[in-house]
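Survey of secondary and tertiary structure
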Amino acid sequence: MTTTTAPEGTTIHVPLGDRAYDVRIGAGLIARAGAEIGPLLRRPRVAVVTDANVAEAHLAGLERGLADAGIASSALVLPAGEATKCWAELARCVEWLLAAQIERRDVVVALGGGVIGDLVGFAAAILRRGVRFVQVPTSLLAQVDSSVGGKTGINTAQGKNLVGAFHQPSLVLADIGALDTLPGRDLLAGYGEVVKYGLLGDVAFFDWLEVNGPALAAGDAEARAQAVTRSVQMKAEIVVRDETEQGDRALLNLGHTFCHALEAATGYSGRLLHGEGVAIGCALAFELSARMGLCSQEDPSRVRAHLRAMGMKTDLADIPGDLPDADGLLALMAQDKKVIDGRLRFILARGIGRAFVADDVDPALVRTLLADRLAAR
Ligand code: GLY
């Protein structure tokens, strides 16, 4: 994995053999999209899929950027929100791409956050048994996590991301300027995934976030670019080691076993955004690790202190409305994709930056932790 820096931004190369690609990070990439995407094209046209909110903020800019390089485009605008990651919208997207006569050698552009990236990536994976796609992530969460690594898919009645495919993008354009139009709550939710990288594998990055996180949240473009760059480097390193999650890639799920249960418990609604659930889940994973004697008691306190300083949710008490009891939350965890032979898989930590995969966690310990945190509500 190499990182290069030029005046127009940083490029991280993700070396995955014939599926290798670049992630570009910088300001103004949407305006330069035609010059960036052009070299991938065999004919000067692309299909763009986005959502209604992102379309309002960025579609015209992307279309101009493409047209500047002589690239024609047509666009499909889907409803915004997690509910779009469903069979019906997938079918609509695929049918539209077929009607637009997108061929095997063409490129589909996913312009948006994690929902659009996952849905459009999956549509590209199954369209004509696989067409190339470019991720143009516009949310912090998508820039640091979901646009890199090739996980694509949709949700079903049984749970999140249960249907999908590994399909790597051909290019990722993370335009830091797009973060300026994000609502503050969405930006902070994405920051949950940024913190996750420090917590799982880079204590120096966590130290840096403790100092620079507030500036990042306030709009400092340099801090944002540095945080996205370090997050993507860490994600790319892990994906290159373990593309299809046979081992190390599971580290990226720090906080996610708790998070997925909390998202299910809150009906995947605005009560809890995914990145908020990740932040709470990371705090719980460190609390569990401390209770198991794996890390010091100071570590979960330090995690919660930073999240609180950033104005983020840190605990079950911060989730509005009713939650199931501890057994109900445990039952929701048992639905998680990470369950193997009925055993819950957690990502635990021996300290900040020292996460590992644990398959042998006693459910009674998790139940007690959840019961304690629920009692504190
Ligand atoms: N978001 C976790 C992964 O890409 O593996």
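Residues numbered from 1 in each chain as written. Predicted model: local features only at pLDDT ≥ 70, side-chain atom pairs only at ≥ 80, totals over all residues. Heavy atoms only, no water.

Digging into the overall build of the protein
The secondary structure content of the protein amounts to 13 helices and twelve strands. Whereas a compact globule of 377 residues would reach a radius of gyration of roughly 21 Å, the protein reaches 20 Å, a difference of no more than 12%. Within the protein, the proportion of its 377 residues that are buried is 56%. Counted over contacts in the protein with a minimum sequence separation of 6, partners at least 24 positions apart contribute 73%. Approximately 14,500 Å² of the protein is accessible, and the part contributed by carbon and sulfur atoms is 51%. Each charge class in the protein was averaged separately, 38 positive and 45 negative side chains, and the resulting centres sit 4 Å apart. (Helix = DSSP H or I, 4+ residues; strand = E, 2+ residues; numbered from the N terminus. Rg over C-alpha atoms; globule rule 2.2 N^0.38 Å. Buried < 20%, exposed > 50% of the residue type's maximum accessible area, 1.4 Å probe, protein only. Contact = heavy atoms within 4.5 Å. Areas by Shrake-Rupley, 256 points an atom, 1.4 Å probe, with all protein chains shown as cover. Lys, Arg positive; Asp, Glu negative; His and termini not counted. Charge placed at Lys NZ, Arg CZ, Asp CG, Glu CD.)

What about the site of the ligand?
Neighbouring residues of the ligand: Asp145, Lys151, Lys235, Glu245, Arg249 and Leu252. Contacts to the ligand include Asp145, whose side-chain N or O atom sits 3.0 Å from a nitrogen atom. Between Lys235 and the ligand, the recorded distance is 2.5 Å, taken from a side-chain N or O atom to an oxygen atom. Out of a free accessible area of 200 Å², the ligand has 89% covered by protein chains. (Near = heavy atom within 4 Å. Polar contact = N/O pair within 3.5 Å; in protein donor to acceptor, adjacent residues only side chain to side chain.)

Quick look at the state of the cysteines
Per the counting criterion, the structure on display carries zero disulfides. Among the cysteines around Cys259, which has no disulfide bond, Cys282 carries the closest sulfur, lying 8.9 Å off. A relative accessible area of 0% places Cys259 in the buried class. Left unpaired, Cys295 is separated from the closest cysteine sulfur, that of Cys282, by 12 Å. Using a relative accessible area of 9% as the deciding quantity, one classes Cys295 as buried. (Disulfide = S-S within 2.5 Å.)

Overview of helix H13 (residues 363-375)
Between its first and last C-alpha atoms H13 spans 18 Å; for 13 residues at 1.5 Å apiece the expected length is 18 Å, and the two agree. For H13, the full list of buried residues reads Val366, Leu369, Leu370 and Leu374. Seen end-on, H13 carries its buried residues on one side only, within an arc spanning 130°. Close packing links the buried residues of H13 with helix H9 (256-265), helix H10 (274-291), helix H12 (326-333) and strand S11 (346-349). Regarding H13, its N-cap is Asp362, as a side-chain oxygen of that residue lies 3.0 Å from the backbone nitrogen of Ala364 further along. (Expected span 1.5 Å × (residues − 1). Arc of directions from axis to C-beta.)

Notes on the pattern of salt bridges
For the coordinates displayed, the defined rule picks out 28 salt bridges. With its nearest N and O atoms 3.7 Å apart, the salt bridge here joins Glu82 to Lys160. Note that Glu82 is positioned in the loop between strand S5 (72-78) and helix H3 (87-99) and Lys160 in strand S9 (residues 159-166), a separation of 78 residues in sequence. Here Arg302 makes a salt bridge to Glu210, at a shortest N to O gap of 2.8 Å. Here the residue Arg302 occupies a position in helix H11 (residues 298-309), and Glu210 occupies one in helix H7 (residues 203-218), the gap between them amounting to 92 residues. (Salt bridge = Lys/Arg side-chain N within 4 Å of Asp/Glu carboxyl O.)

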